[in-house]
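Below, each chain spelled out in residue letters.
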Amino acid sequence: MADTQGLTFNKHTLSINIFSVSDVNIVYAGSPHRLSAGKLMRAKTAADEKRFPNFGSGTYITFAGPVDIAWKSQDGTDHSYALDLDEVFKDRKVLHTEDEARFYKPEPVSGSAPTIIIELDDRTLNVYMFVIIRLEKDEMTREHKNHYTLAYTKTF
């Protein structure tokens, strides 16, 4: 997976976080996800920042078409958007801030695929990449570093 151009990926998992929204409908790769039907979800807090993904929707070959998203914001306004992950991650780069010289060469990404997180927070759509990078600490030990990186944001 590692090369001189940095880490790239060709598969990913999907996670969804929702805050201050209701009636969320997301369809990706033919898989529907219906969340918080008729119930307004709680507001996002500081504890939610860079939180480990808690929901995984399988592994997808990058990318399985647009993500069709519909939801109601806190004030009850309907929103819809076709998110093009192929455009967001057009270079297929794994987002991180590590020194690539320290990568654990046989498997630099723990689990071998990043998680793409779609977050709805009232009128804002955020897309994050979560990945655990494996690093060589010395010849005998490895280090694992979590990276939670904003890749895209749009406010409606």
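Above this note sits the structure.
Report on the accompanying structure. (Residues numbered from 1 in each chain as written. Predicted model: local features only at pLDDT ≥ 70, side-chain atom pairs only at ≥ 80, totals over all residues. Heavy atoms only, no water.)

Looking at the pattern of salt bridges
Proximity of charged atoms lets side chains of opposite charge pair with each other.
And then number 1: A complete count under the given rule lists 10 salt bridges for this structure.
And then number 2: Here Glu49 makes a salt bridge to Lys44, at a shortest N to O gap of 3.4 Å.
And then number 3: Look at Glu49 and you get partly exposed, because its relative accessible area is 43%.
And then number 4: A salt bridge links Arg123 to Asp75; its shortest N-O distance comes to 2.8 Å. (Salt bridge = Lys/Arg side-chain N within 4 Å of Asp/Glu carboxyl O. Buried < 20%, exposed > 50% of the residue type's maximum accessible area, 1.4 Å probe, protein only.)

Some points on the packing of aromatic side chains
And then number 1: Tallied over the full model, the rule gives eight aromatic pairs.
And then number 2: Centre to centre, the rings of Tyr81 and Phe156 are 5.3 Å apart; their planes meet at 70°, and the pair counts as edge-to-face. Taken together, the residues span a long stretch of sequence, with Tyr81 in strand β6 (residues 78-83) and Phe156 in the segment after β9 (142-155) at a distance of 75 residues.
And then number 3: Taking relative accessible area as the criterion, Phe156 reaches 26% and is therefore assigned partly exposed.
And then number 4: Linked through ring pairs, Phe9, Phe63 and Phe89 together constitute an aromatic cluster.
And then number 5: The cationic tip of Lys154 hangs over the ring face of Phe156; the distance from NZ or CZ to the ring centre is 5.4 Å. (Phe/Tyr/Trp six-rings, centres within 6.5 Å; stacked < 30°, edge-to-face > 60°. Helix = DSSP H or I, 4+ residues; strand = E, 2+ residues; numbered from the N terminus. Lys NZ or Arg CZ within 6 Å of the ring centre and 35° of its normal.)

Looking at the environment of Val94
And then number 1: If you trace the backbone, Val94 turns up in the loop between α1 (85-88) and β7 (115-121).
And then number 2: Leaving out residues up to four positions away in the same chain, Val94 has contacts with Leu7, Thr8, Phe9, Val109, Met129, Val131 and Ile133. (Contact = heavy atoms within 4.5 Å.)

A short note on the sheet that holds strand β3 (residues 31-35)
And then number 1: The four strands lie next to each other as β3-β2-β5-β6, forming an open sheet whose pairing is antiparallel. In the strand order of this sheet, the two ends are held by β3 and β6, each with one partner. This sheet shows a mean twist of 10° between the axes of neighbouring strands, independent of strand direction. (Pairing = 2+ DSSP bridges. Axes fitted to C-alpha atoms, helices over the stretch in contact; angles between N-to-C directions.)

Considering the nonpolar core
Note that soluble globular proteins tend to have their nonpolar side chains buried in a common cluster.
And then number 1: Grouped together as the largest cluster of nonpolar side chains are 29 residues, with contacts concentrated most on Ile69 and Leu85.
And then number 2: Elements that contribute at least two residues to this core include exactly β1 (11-19), β2 (21-28), β5 (67-73), β7 and β8 (124-136).
And then number 3: The biggest single contributor to this core is β8, with six residues.
And then number 4: Leaving out residues up to four positions away in the same chain, Ile69 has contacts with Asn25, Ile26, His79, Ser80, Tyr81, Leu83, Ile118, Leu120 and Leu125.
And then number 5: Counting five residues, the second-largest nonpolar core is a separate cluster that includes Ile117, Tyr128, Phe130 and Tyr148. (Core = buried A, V, L, I, M, F, W, Y, C linked by side-chain atoms within 4.5 Å.)

Let's talk about the pairing of β2
And then number 1: As paired elements, β2 and β5 share five bridges and run antiparallel to each other. Of the residues in β5, the one forming a bridge with Asn25 is Ala70.
And then number 2: By the bridge criterion, five bridges tie β2 to β3 in an arrangement that is antiparallel. Residue pairing across strands places Asn25 opposite Arg34, the latter belonging to β3.
And then number 3: Linking two consecutive strands that pair antiparallel, namely β2 and β3, is a turn of two residues; a positive phi of about 55° is found at Ala29 within it.

Quick look at the sheet that holds β7
Either a parallel or an antiparallel arrangement is found when strands of a sheet pair, and the pairing is made through backbone hydrogen bonds.
And then number 1: Sheet architecture is open: five strands sit in the order β4-β1-β7-β8-β9, paired in mixed fashion. Because the sheet does not close on itself, it has two edges, and the strands there are β4 (59-61) and β9. In this sheet, adjacent strand axes meet at a mean angle of 30° when their direction is disregarded.
And then number 2: Across three bridges, β1 lies against β4 in antiparallel orientation. By the bridge assignment, Lys11 is partnered in β4 with Ile61.

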